[in-house]
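Next come the chains, spelled out residue by residue.
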Amino acid sequence: MPRRPDDIHLLARLRHPDSAQDWLEAWETLIREHSGRVYGLALRMLRHRQDAEDATQVVWERVLSALESFRAEAALSTWLFRITMNVCLTRLDSRKHAPAEPPGEDNLLDSIADDAPDPERRTLGRETRDAVERAIGELEPAFRAVILLREVEGLSYEEIAQTIDVPVNTVKTRLYRARLDLQQKLAAFRS
Amino acid sequence: MNCDEIRELLPRWADRDEGGLSDEERRLVASHLETCPDCRQALKELEEVTSMVRALPPIGAPWSVEHRARELGHFHARRITTEPPLELTAALRATPPVPVLAARARRDEVMESAVGAAGDEAAPAPMAQMAAPHANRVWVVVAVVVAIVAALAYWLLR
């Protein structure tokens, strides 16, 4: 994903604003343009609405503290996805150690139905969409991450590697396994 | 190559150029697909699943998510507008411990700087000075602390 001039300009304003008002406007733009994708990725990773909201807030807190260190070698969205994935995978890992209340699947599916902003883009029927979301949710987190970054967010292999901090070959292997798993999980539904 | 080996390559074949197959692997997969209906079916299923995932609708952030993020931004903006001017904090940090009279002089200097920064409208206003009421309050506190320290030091050294 190439770096967009708008993103570079936005980052410059966040780092060296002309005024406090200028900084605040740049922040609002960042939130407006990216919070949907950050929250969407968190929701699909964590499968729980409240958890995804909290994770998104943590992402913005980390963005604030890391603004100065971001070198703009990657696209802004890739950097945001990297932070989001870090936050989500850490949360999923801590859930493993405290699995007292696993998040309910219905919670996520209801959220997606409620939150989908543009009915025109709901090209899948509700039943199909639920089946696909459920199948993705059943994947191992590491596989879920690569499928979401590749197929939903449209990142390249290289960007996925940067986002989850693994070699490109690992991305290829995980994608292969993830697609195979998905195919198997959806086989019954498709037949 | 047999069917199992070909099927391992199919996901990368489906990703076209980005899949990173070598020319030789591409040639092998293409020729195998021409003659193997089972692998063609496997490729079709793979592409169907991939396109189903790609067709998932985007998720919009609920109002509460954006609201919390905006609040965070406002909180941060308030913080950066109440930080003391950089040149003044640097000067304070660089100042070694001083005797009482010098400390008194320093206190006066700080007070003058603070009053000057808030009152000089012609001077370019760095972000740190934009919230003048907050900045003034900070400088008054700094001046009071310096005065107390100076008085204590004077009383002890007398």
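Residues numbered from 1 in each chain as written. Chains lettered and ligands numbered in written order. Predicted model: local features only at pLDDT ≥ 70, side-chain atom pairs only at ≥ 80, totals over all residues.

Visitor: Explanation requested: the nonpolar core in the structure shown.
Guide: Generally speaking, soluble globular proteins have nonpolar side chains that are buried together. Ranked by internal contacts, the top residues of the largest apolar core, which has 53 residues, are Tyr-39, Ala-42, Val-59, Val-146 and Ile-147 of chain A together with Val-53 of chain B. Here this core gets 12 residues from one element, more than from any other, and that element is helix α2 (residues 20–46) of chain A. (Core = buried A, V, L, I, M, F, W, Y, C linked by C-beta atoms within 7 Å. Buried ≥ 20, exposed ≤ 12 C-beta atoms within 10 Å, placed from the backbone. Helix = DSSP H or I, 4+ residues; strand = E, 2+ residues; numbered from the N terminus.)

Visitor: Looking at this structure, how should I read the packing of helix α7 (residues 141–152) of chain A against helix α8 (residues 157–164) of chain A?
Guide: The description of two packed helices rests on the angle between their axes and on the distance between the axes. Residue and element names in this part refer to chain A. Look at α7 against α8: their axes get within 10 Å of each other, and the N-to-C directions meet at 135°. With respect to α8, the element α7 is oriented oblique. Crossing hand, α7 versus α8: right-handed. Each of Ala-145, Val-146, Leu-149 and Arg-150 in α7 lies in contact with α8, whose residues at this interface are Ile-160, Thr-163 and Ile-164. Partitioning the contact of α7 with α8 into residue classes produces five nonpolar, one polar and one charged. (Axes fitted to C-alpha atoms, helices over the stretch in contact; angles between N-to-C directions. Parallel < 35°, antiparallel > 145°, perpendicular 65-115°, else oblique. Left-handed = near helix turned anticlockwise from the far one by under 90°. Contact = placed C-beta atoms within 7 Å. Nonpolar A, V, L, I, M, F, W, Y, C, P; charged D, E, K, R; others polar.)

Visitor: Hey, could you run me through the packing of helix α1 (residues 3–14) of chain B against helix α3 (residues 37–54) of chain B in this one?
Guide: All names here are of chain B. For the pair α1 and α3, interaxial distance at closest approach is 10 Å and the crossing angle is 35°. Two packed elements cross with a definite hand, and for α1 against α3 that hand is right-handed. Contact residues: Cys-3, Ile-6, Arg-7, Leu-10, Pro-11 and Ala-14 in α1; Asp-38, Cys-39, Ala-42, Leu-43, Leu-46, Glu-47 and Thr-50 in α3. For the contact of α1 with α3, the per-class residue count stands at nine nonpolar, one polar and three charged.

Visitor: So what exactly am I meant to see when it comes to the environment of Thr-78 of chain A here?
Guide: All names here are of chain A. Position of Thr-78 among the secondary structure elements: in helix α4 (residues 76–97). For Thr-78, a count of 20 C-beta atoms within 10 Å corresponds to the buried category. As a C-alpha pair, Thr-78 and Glu-153 span 75 residues in sequence and 9.6 Å in three-dimensional space.

Visitor: Would you take a moment to explain the interface of chain B and chain A for this structure?
Guide: When the parts of a complex come together, some accessible area is lost, and that lost area is often taken as the interface size. The partner chain A presents 44 residues to the 35 residues of chain B that form the contact. Residue contributions to the side of chain B that touches chain A peak at 13 residues, all from helix α4 (residues 63–82) of chain B. By residue class, the composition of the side of chain B that touches chain A is 19 nonpolar, seven polar and nine charged.

Visitor: Is there a simple way to explain the confidence of the model for chain A in this structure?
Guide: Detailed reading of the predicted coordinates is not advisable wherever pLDDT is low. Residue and element names in this part refer to chain A. Chain-level pLDDT for chain A is 83 on average; 81% of the residues reach the 70-or-more range. At the level of individual helices and strands, chain A shows its lowest average pLDDT in helix α5 (residues 105–115), which scores 53, and its highest in α7, which scores 94. Segment residues 99–106: pLDDT under 50, and seven contacts once partners within four positions in sequence are set aside and those in other chains are kept. (pLDDT = per-residue confidence, 0-100.)

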